[in-house]
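Coordinate analysis (summary)
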Amino acid sequence: MGQNRREIGTKYEEKAVALLEEQGYLILERNYRNRYGEIDIIARKEEMLVFVEVKYRSHQDYGDPLEAVGWQKQRRICRSALYYCARQGVGMDRPCRFDVIAIYGDQSIRHMENAFEYQE
């Protein structure tokens, strides 16, 4: 029996976390959920707060995983991030960005920093 989507997601999120930690990020949250949506990873590097979406594709028949984060998903991530900041007392002066980590079927990884801007 094959792995379910959650198990697969967890496996590749582990790879993304390892990559971020190797690059000096401190992982603050994983699979952060609130009423607005979910953020796969919330991390910090120096003063930058980083909200990360992880996308895996076993092959590119369905397109590049970096393209899989459409405007609706971006909007949910942004709203969840705003809620997170409010709940954690993070001020509006704190720099933050939205990244996407793409993991491909050949196990290569691409980290796109500042993949999209904040959206209302």
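Residue numbers here run from 1 along each chain, matching the order of that chain's written sequence. Totals for whole chains, interfaces and linings use all residues, but because this is a predicted model, local features are given only for residues with pLDDT of at least 70 and pairs of side-chain atoms are given and counted only at 80 or more. Only heavy atoms go into the side-chain values, all of them from the structure, while hydrogens and water stay out.

Observations concerning the sheet that holds strand 3 (residues 48–57)
Any two strands with at least two DSSP-identified bridges between them are counted as paired. Secondary structure follows DSSP: runs of H or I at least 4 residues long count as helices, runs of E at least 2 residues long count as strands, and numbering of each begins at the N terminus. A sheet is described by the order of its strands in space; here five strands give the open sequence 1-2-3-4-5, paired in mixed fashion. Of all strands in the sheet, those bounded by a partner on one side alone are strand 1 (26–34) and strand 5 (109–116). On average, each strand axis in the sheet is inclined to that of its neighbour by 30°, with strand direction left out of account. Between N-to-C directions, angles span 0 to 180 degrees; the directions come from axes that are lines fitted to C-alpha atoms, helices contributing only their stretch in contact.

Comments concerning the nonpolar core
Nine residue types can take part in a nonpolar core, namely buried Ala, Val, Leu, Ile, Met, Phe, Trp, Tyr and Cys, and a core is a set of them joined through side-chain atoms within 4.5 Å. The rule is simple: take the accessible area with a 1.4 Å probe, protein chains only, and divide by the maximum for that residue type; under 20% is buried, over 50% is exposed, in between is partly exposed. Membership of the largest hydrophobic core comes to 15 residues, with the highest contact counts inside it found for Ile 39, Ile 42, Leu 49, Phe 51, Tyr 84, Phe 98 and Phe 116. Mapped by element, the contributors of at least two residues to this core are strand 2 (37–45), strand 3, helix 2 (71–88) and strand 4 (96–104). When residues in this core are grouped by element, the largest group, five residues, is from helix 2. Two residues qualify as a contact provided that any one of their heavy atoms is within 4.5 Å of a heavy atom in the partner residue. Discounting chain neighbours no more than four positions away, the residues touching Phe 116 are Val 69, Gln 74, Ile 77, Cys 78, Phe 98 and Val 100. Listed in part, the 14 residues of the second largest apolar core include Tyr 12, Ala 16, Ile 41 and Ile 103.

Some thoughts on the side chain of Asn 34
With respect to the helices and strands, the residue Asn 34 is situated in strand 1. Among the polar contacts listed, one links the side chain of Asn 34 to the backbone nitrogen of Tyr 36, at a separation of 2.8 Å. For Asn 34, the residues in contact, after removing those within four places along its chain, are Ser 80, Tyr 83 and Tyr 84. Here a polar contact is recorded for every N or O atom pair within 3.5 Å, except that within protein the pair must consist of a potential hydrogen donor and a potential acceptor, and residues adjacent in sequence are included only if both atoms are side-chain atoms.

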